[in-house]
Amino acid sequence: MAATPKKKSRKATSADNETILQAHTLMLGSGRDGNTIRVRKTKLLVISGPLQGKEFVIGDEEFSIGSGPSNDLVVADSTVSKRHCEISVADGGYQIRDLESTNGTYVQGVRVSSAFLNPGAEFRIGKTHIIFCPLQEAREIPLSASESFGAMLGRSTAMRRIFHIAETYAPTDATVMITGETGTGKEVLAEEIHKHSPRARRPYVVIDCASMAKELIESELFGHVRGAFTGANADRPGAFETADGGTVFLDEIGDLAPELQPKLLRVLEKREIRRVGDNRVRKINVRIICATNRRLEEEVNAGRFREDLYYRLSVVRIELPPLRRRKEDIPLLAKAFLENMHGKGAMSQVLHFDETMDLFKRHDWPGNVRELRNLLEVAFYASQRPVDLGAFLGLGRFLPALDDDMA
């Protein structure tokens, strides 16, 4: 038998290396105008479980997976939670995040709360194994051309993405869910969305679902008639009637009592309310914006928050990043806060501003933007001039919350 000739090995060229790198690169940089970021499209290939052999293209910035019917990928598996996990585009690539599922999310065999997905990574939910497969085709995610949205400030990619979403949906009546840690500026963004909407000249009514007693919040939301309960000496309209033509902002919506959730769902579906103690149905014309620092997907899985209400409130969802994930915005925020609180000459009273900002970027800011603002406020109460802002680092976290006017 004749021997098969050996193929000559070919030395890898720089072009080959570039191709290999490109094949593994999910973030492809900015678009030509600087107002988009380019990412590689991806698909999910199911290799075991009820959907074995099927493929699903990730076409949005957020892609939810679970057994609930409203997920982007619905897995009919009793070992999969209603809202099991979510894949989203982050600055470092595609990130998978477990939503406090019962049985966990595993990447390459390791249980994770969140992790970046490398090309070819395998992850498991319940009995279903999935391969993460980047495609050659790219897609563009739009960014705002602005470094602000009203009082909200930021030049980071994360904030410019948020500004684009806000600019797009503020002029509509879409219901908006704003999530994020305490101190990230959720209340500020909600009010700016109202100010940039056609309802700006109409009332803006804020209800804090966490601070009100359970027996009072229903009356605050829907109103009551005289004699409905002890102390109800006169008819009183609630927030939805008071805000007619305007916006109701439901802060800390995750704390809304379970017995009130179906009533809020009725408001969203029927655009009508019934005052406490009254049989009369009243039509309303309001936009609803809500916010929470809780992971509502986890509340849904635990049965503490209605899944249908969650989806009706999340028509547009905006997650504000913590300050530690957008540290490039700190100098911009600091200058704006100083000038807003202490006038145009405030910067001339600061010692070594640039060096201090380098120090600030090494801090984790557990209190987020609110901590930064509090620090700058208290630093200027000191009599020494110029002000050494670095000497107050960390103190802002322990100060009482001040009124937020930008983030």
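Look up a bit, the structure's there.
Here the structure is a predicted model, which means the values were calculated and not measured.

The next thing to look at is the overall build of the chain. Assigned secondary structure in the chain consists of 11 helices and 21 strands. Within the chain, the fraction of its 407 residues that count as buried is 49%. In the chain, of all internal contacts separated by at least 6 residues, the share reaching a separation of at least 24 is 62%. Counting every atom, the chain has about 20,000 Å² of accessible surface; 48% of that belongs to carbon and sulfur.

As enumerated under the stated definition, the model contains five aromatic pairs in all. Measuring from centroid to centroid gives 5.2 Å for Tyr 310 and Tyr 311, while their planes differ by 80°, and the two rings are edge-to-face. The interplanar angle of 75° and the centroid separation of 5.2 Å between the aromatic rings of Phe 360 and Trp 365 together place this pair among those described as edge-to-face. In this structure Phe 360 comes out as buried when scored by relative accessible area, which is 0%. Trp 365 gets classed as buried once you look at its relative accessible area, which sits at 0%. Across the ring face of Tyr 106, the terminal group of Arg 124 is positioned such that the distance to the ring centre comes to 4.3 Å.

With that settled, the discussion passes to the pairing of strand β2 (residues 36-48). Strand direction decides the pairing type here: β2 and strand β12 (residues 128-142), joined by 11 bridges, are antiparallel. Considered in β12, the bridge of Arg 40 is made with Ala 138. Pairing of β2 with strand β3 (residues 55-58) involves four bridges; the strand directions are antiparallel. Within the sheet, the bridge partner assigned to Lys 43 lies in β3 and is Val 57.

Moving on: the side chain of Thr 175. Within the fold, Thr 175 resides in the loop between α2 (157-169) and β15 (176-179). Thr 175 sits in the buried class, given a relative accessible area of 5%. Not counting residues up to four positions away in its chain, the partners in contact with Thr 175 are Leu 268, Arg 271, Ile 288, Arg 312, Leu 313, Val 315 and Val 316.

End to end, helix α9 (residues 330-342) covers 18 Å across 13 residues, agreeing with the expected 18 Å (1.5 Å per residue, within 8%). Those residues of α9 that are buried lie in contact with β14 (152-153), α10 (353-360) and α11 (368-379). Looking one or two places after α9, you find Gly 343, whose phi comes out positive at around 90°.

Looking now at the pattern of salt bridges. Applying the stated criterion to the full structure yields 32 salt bridges. With a closest N to O distance of 3.8 Å, Glu 269 and Arg 312 form a salt bridge. Separated by 43 residues along the polypeptide, Glu 269 in helix α6 (residues 261-270) and Arg 312 in helix α8 (residues 307-313) bring together distant segments of the chain. Note on Glu 269: relative accessible area 46%, which makes it partly exposed. A residue is classified by how much of its surface remains accessible, and Arg 312, at 33% relative accessible area, is partly exposed.

Next up on the list: the packing of α9 against α11. Each packed pair of helices is defined by two parameters, the angle between the axes and the distance between the axes. Their axes nearest at 10 Å, the elements α9 and α11 cross at an angle of 45°. Regarding the angle of α9 to α11, the classification is oblique. Where α9 crosses over α11, the two elements pack in a sense that is right-handed. Side by side, α9 and α11 meet where Ile 330, Leu 333, Ala 334, Phe 337, Leu 338, Met 341 and His 342 of the first sit next to Val 369, Leu 372, Arg 373, Leu 376 and Glu 377 of the second. Residue composition of the contact of α9 with α11, grouped by class: nine nonpolar, one polar and two charged.

All right, on to the nonpolar core then. In this structure, Phe 240, Leu 250, Ile 253, Leu 264, Ile 288 and Leu 313 are the most contacted members of the largest nonpolar core, which totals 31 residues. Counting only elements with at least two residues in this core, the list comes to β16 (204-208), α4 (214-222), α5 (239-242), β17 (247-251), α6, β20 (287-292), α7 (296-301) and α8. Here the element with the most residues in this core is α6; it accounts for four residues. Beyond its immediate stretch of four places on either side in the chain, Ile 288 contacts Ala 174, Thr 175, Val 176, Phe 240, Val 248, Leu 250, Leu 264, Val 267, Leu 268 and Leu 313. If you look at the next biggest cluster of nonpolar residues, it comprises 27 residues, including Tyr 94, Val 112, Ile 130 and Ile 141.

Cut-offs used in this document
- Per chain, residue numbering runs from 1 following the sequence as it is written.
- Confidence filtering applies because this is a predicted model: local features only for residues at pLDDT of at least 70, side-chain atom pairs given and counted only at 80 or more, and all residues used for totals across whole chains, interfaces and linings.
- Side-chain metrics rest on all non-hydrogen atoms present in the structure, leaving aside hydrogens and water.
- Helix numbers and strand numbers start at the N terminus; a helix is a DSSP run of H or I with at least 4 residues, a strand a run of E with at least 2.
- When a residue's accessible area, from a 1.4 Å probe over protein chains only, is under 20% of the maximum for its type it is buried; when over 50% it is exposed; and in between it is partly exposed.
- The contact criterion used throughout is that any non-hydrogen atoms of two residues lie within 4.5 Å.
- All accessible areas in this document rest on Shrake-Rupley with a 1.4 Å probe, and a residue is counted as covered only by the protein chains that are shown.
- Pairing of aromatic rings covers Phe, Tyr and Trp, the last through its six-membered ring, and needs centres within 6.5 Å; plane angles under 30 degrees mean stacked, over 60 mean edge-to-face, and all others mean tilted.
- To sit over a ring, a charge needs its Lys NZ or Arg CZ within 6 Å of the ring centre and within 35 degrees of the ring normal.
- Being paired, for any two strands, means DSSP has found at least two bridges between them.
- Helix span, as expected, comes to 1.5 Å for every residue beyond the first.
- One speaks of a salt bridge when a side-chain nitrogen belonging to Lys or Arg is within 4 Å of a carboxyl oxygen belonging to Asp or Glu.
- Throughout, an axis means a line fitted to C-alpha atoms (over the contacting stretch in the case of helices), and angles, computed between N-to-C directions, take values from 0 to 180 degrees.
- Note that the term roughly parallel is reserved for angles under 35 degrees, roughly antiparallel for angles over 145, roughly perpendicular for angles of 65 to 115, and oblique for everything else.
- We call a crossing left-handed when the near helix sits turned anticlockwise from the far one by less than a right angle, and right-handed when that turn is clockwise.
- Residue polarity is assigned by list, with Asp, Glu, Lys and Arg as charged and Ala, Val, Leu, Ile, Met, Phe, Trp, Tyr, Cys and Pro as nonpolar; anything else, Gly included, falls into the polar class.
- Only buried residues count toward a nonpolar core. Its members are Ala, Val, Leu, Ile, Met, Phe, Trp, Tyr and Cys residues joined through side-chain atoms within 4.5 Å.

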